[in-house]
Amino acid sequence: MSALHQADLMGRLPLLPTSVVGSYPVPEWMERLKTDYYRGRMSYAQLQDLHDMAIKAALRDQEIAGIDIVSDGELRRDNDIDYFLARMPGIDIPRTSKDFYFDYYEARVVERLPPSATAPLMLADDFSFTTEQTSDPVKFSFTGPFSLSRRVRNEAYDDPGELVMAIARVLNAEARALAERGARLLQIDEPFLAGYPGEVETAIKAVNVVTEGVDVTWALHVCYGNRYARPSWEGHYDFLFPAVLDAAVDQLVLEFARKGYADLPVIDKFGWDRTIGLGVIDVKSSDVETPQAVASRIRSALDLVPADRLVVNPDCGLRNVSAPVARAKLAAMVAGAAMVRTELTGAATARPEPTGAAHHLNPLEPSPEEPEQ
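Residues numbered from 1 in each chain as written. Predicted model: local features only at pLDDT ≥ 70, side-chain atom pairs only at ≥ 80, totals over all residues. Heavy atoms only, no water.

A few points about the overall build of the chain
In terms of regular secondary structure, the chain is built from 11 helices and 8 strands. Counting contacts in the chain only where the partners sit at least 6 residues apart, residues at least 24 apart contribute 79% of the total. Taken as a whole, the chain presents about 15200 Å² of accessible surface, with 50% of it coming from carbon and sulfur. (Helix = DSSP H or I, 4+ residues; strand = E, 2+ residues; numbered from the N terminus. Contact = heavy atoms within 4.5 Å. Areas by Shrake-Rupley, 256 points an atom, 1.4 Å probe, with all protein chains shown as cover.)

This is the structure:
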C-alpha cells in the first residue's frame, strides 16, 4: 500500500471529502456525433476536439458543485472496456465499426500478449490533459484486468487466469507512466467481478500486479454493473472478503445507496482498516436525493467507519443519468457531506454556490425527507 501518499492526499482534503467514481453523462448530441464517427461520418481529429470540450465542461460542473476530487468523466471512452482493449498489443478486433458508439467490440486474443515495457494505452496523456484544465485533485480510473478479460475471446491461454495476469502487466506499465506524470490517486474498476464471485482471489492477485511498484494512493471500485442504468448482478459484498484484505490498495469504493447499508457490518466484521468510498447517490435513478438523505446515509456509516476514513461518492459513474440530474445529485451530495462535517467539527466549510445549469433542479430547496432504503 502507498500509506504515505494516502496520508498526504487525505491530509490536504476536508473531513469527509467528496469525489466521483469516474464517468459523467454523455449528452444526446454527443452520442449522435460519436456514433457518426464509427459510421465514418466524422474524422478522428474532430472526435478528439469533441472529447476535449466535453471533459472541460464535466470538470467545470464538478468544480461548481464543490467536488473535492474530480475526474475527466471518462468521456473519451465509449464504454468501460473498448478504450483499453482497442489499444492493447496482442488484442485482435476484427471489426472496428459500430452501429452505436457504446456497443462493445468483439475482441479476441489468439497469441499470448507481448511483454510491455512501455505504456501502449497512452493513459498518461489523458491524465495530463485533465490536470491542465483544473487545479483540483484528480482521480484517474481505468477498468481492471479481470473485467477486461471477460470481454475477450481467449484462444491463446489454457488457463484463463493467465490472460488476466497478462492484462494486469500491461496496466501496471500504464500505472507507472501515470505516476511519472504526477498522478496521485488511481482507481481500478472491476464492474464484472460481482458476477463472478468465485474468481475474487484471481482478481485480487491481478490487482496487486497492477499496483506493484507504483507509489500512489490506490482505490478499488467494485459495483454490481451499470450498463444502461441497470445492475447486471445482485448480491452482497461479503464475497469480497477475506480475499480483498490482501489487495494492495488504500480505498474500497463501493455501491450502497441503491442497495442499502446492510453490507457495512460485513466490512467491519472482516476488519477493513483503510478508507471506504461510501456510495450515497443512486446513479440508477433520476430521482435527486436531498442533502438530508445524503447526510443520513453518511451518519449510518459513521457507526462503523471513522470519519477520517470515509470518502463520499456516488454509487458508480454518472454516465446513465442526464447532465442536469448529475449536477443536481452532485450538489446534493456536497451539501449533505457539509452538513455532517459541520456536525462533527462545529465549523462549516465554505462551498461554491451552484450556478446556472447546476442549480436547475434546485436540490438544496426544502423537500420531504427521502425514505432510507
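Considering the pairing of strand S2 (residues 140-143)
Residue alternation in S2 divides its side chains into two sets, Phe-140 and Phe-142 and Ser-141 and Thr-143, and both sets are buried. Two strands pair when backbone bridges link them, and S2 and strand S4 (residues 185-189) are joined in this way by 4 bridges, in the parallel orientation. Paired with Thr-143 across the bridge in S4 is Asp-189. (Buried < 20%, exposed > 50% of the residue type's maximum accessible area, 1.4 Å probe, protein only. Pairing = 2+ DSSP bridges.)

Let's talk about the nonpolar core
Judged by nonpolar contacts, the single largest core of 112 residues is most densely connected at Phe-142, Trp-218 and Leu-240. The element contributing the most residues to this core is helix H7 (residues 160-180), with 12 residues. When near neighbours in sequence (up to four residues on either side) are disregarded, Leu-240 contacts Leu-193, Val-200, Val-222 and Leu-254. With 6 residues, the next largest nonpolar core counts Leu-13, Val-21, Leu-185 and Ala-219 among its residues. (Core = buried A, V, L, I, M, F, W, Y, C linked by side-chain atoms within 4.5 Å.)

Concerning the pattern of salt bridges
For the structure shown, the criterion picks out 22 salt bridges. Members of the salt-bridge network, linked through shared partners, are Lys-34, Asp-78, Asp-82 and Lys-98. (Salt bridge = Lys/Arg side-chain N within 4 Å of Asp/Glu carboxyl O.)

Considerations on the sheet that holds S4
Strand order in the open sheet formed by 6 strands is S2-S4-S5-S6-S7-S8, with parallel pairing between adjacent strands. In this open sheet, the two edge strands, each paired with only one partner strand, are S2 and strand S8 (310-314). Strand after strand, the sheet turns through a mean of 25° between neighbouring axes, direction not considered. In this structure, strand S7 (residues 275-281) lies alongside S8, joined through 5 bridges in parallel fashion. (Axes fitted to C-alpha atoms, helices over the stretch in contact; angles between N-to-C directions.)

Quick word on helix H5 (residues 123-133)
Since the α-helix packs 3.6 residues into each turn, any two residues three or four apart lie on the same face. Turning to H5, its buried residues number three or more, namely Leu-123, Ala-124, Asp-126, Phe-127, Ser-128, Phe-129 and Thr-130. Against helix H3 (44-65), helix H4 (82-85), S2 and H7 lie the buried residues of H5.

Quick notes on the environment of Ile-298
With respect to the secondary-structure elements, Ile-298 resides in helix H10 (residues 291-302). Among residues more than four places away in sequence, those in contact with Ile-298 are Leu-16, Leu-278, Val-280, Val-312, Gly-336, Ala-337 and Val-340.

Brief notes about the packing of H7 against helix H8 (residues 200-211)
Contact pair H7 / H8: the axes reach a minimum separation of 7 Å and the direction vectors enclose 25°. Taken as axis vectors, H7 and H8 run roughly parallel relative to one another. In the crossing of H7 with H8, the sense of the turn from one axis to the other is right-handed. Residues Gly-161, Val-164, Met-165, Ala-168, Arg-169, Leu-171, Asn-172 and Ala-175 of H7 form the contact with H8, whose own contacting residues are Thr-202, Lys-205, Ala-206, Val-209, Val-210 and Thr-211. Taken together, the residues of the contact of H7 with H8 sort by class into 8 nonpolar, 4 polar and 2 charged. (Parallel < 35°, antiparallel > 145°, perpendicular 65-115°, else oblique. Left-handed = near helix turned anticlockwise from the far one by under 90°. Nonpolar A, V, L, I, M, F, W, Y, C, P; charged D, E, K, R; others polar.)

Topic: the confidence of the model for the chain
In the predicted model, the chain carries a mean pLDDT of 89, and 88% of its residues have values of at least 70. Contacts for the low-pLDDT stretch residues 351-373, under 50 throughout, to residues beyond four places or in other chains number 51 contacts. (pLDDT = per-residue confidence, 0-100.)

Here's the deal with the side chain of Ser-71
Structurally, Ser-71 can be placed in the loop between H3 and H4. On the basis of relative accessibility, which here comes to 2%, the residue Ser-71 falls in the buried class. A polar atom in the side chain of Ser-71 sits 3.0 Å from the backbone nitrogen of Gly-73. (Polar contact = N/O pair within 3.5 Å; in protein donor to acceptor, adjacent residues only side chain to side chain.)

Observations concerning the layout of surface pockets
Counted as a void, the largest pocket has a volume near 670 Å³. Around the largest pocket, the lining comprises 33 residues; the ones closest to its centre are Asp-80, Asn-226, Arg-227, Arg-319 and Asn-320. Grouping the amino acids of the lining of the largest pocket by side-chain chemistry returns 14 nonpolar, 11 polar and 8 charged. As a volume, the second largest pocket reaches approximately 270 Å³. If you go around the second largest pocket, you meet 15 residues; those closest to its centre are Tyr-38, Tyr-44, Asp-78, Tyr-83 and Arg-87. At the level of secondary structure, the elements contributing two or more residues to the lining of the second largest pocket comprise helix H2 (28-38), H3 and H4. Here the element with the most residues in the lining of the second largest pocket is H3; it accounts for 4 residues. Classifying every residue of the lining of the second largest pocket by side-chain character gives 7 nonpolar, 3 polar and 5 charged. (1 Å grid on protein atoms, 1.4 Å probe; cavity = no way out; pocket = protein on both sides within 12 Å on 5 of 7 lines; lining within 4 Å. Points joined across faces, edges and corners; volume = space filled by probe spheres on them.)

Focus: the pairing of strand S6 (residues 251-254)
On S6, burial covers both faces: Gln-251 and Val-253 on one face and Leu-252 and Leu-254 on the other are all buried. In the sheet, strand S5 (residues 217-222) pairs with S6 via 4 bridges, with the strands oriented parallel. From the neighbouring strand, Leu-220 faces S6, where its bridge partner is Leu-252. The β-α-β motif built from S6, the intervening helix H9 (residues 264-269) and the parallel element S7 has right-handed crossover chirality. (Right-handed = clockwise from strand over helix to strand, strands pointing away.)

Some words on the packing of aromatic side chains
Under the counting rule described, the total for this entry stands at 12 aromatic pairs. Seen in terms of ring centroids, Tyr-83 and Phe-84 are 5.9 Å apart; in terms of plane orientation they differ by 90°. Their pairing is edge-to-face. Residue Phe-84 is classed as buried on the basis of its relative accessible area of 0%. Between Phe-256 and Tyr-261, the ring centres sit 5.4 Å apart and the planes meet at 15°, which makes this aromatic pair stacked. For the pair formed by Phe-256 and Tyr-261, the shared burial category is buried. Chaining the aromatic ring pairs together yields one cluster made of Tyr-224, Tyr-237, Phe-256 and Tyr-261. It is Arg-77 that lies over the ring of Phe-140; its NZ or CZ is 5.3 Å from the centre. (Phe/Tyr/Trp six-rings, centres within 6.5 Å; stacked < 30°, edge-to-face > 60°. Lys NZ or Arg CZ within 6 Å of the ring centre and 35° of its normal.)

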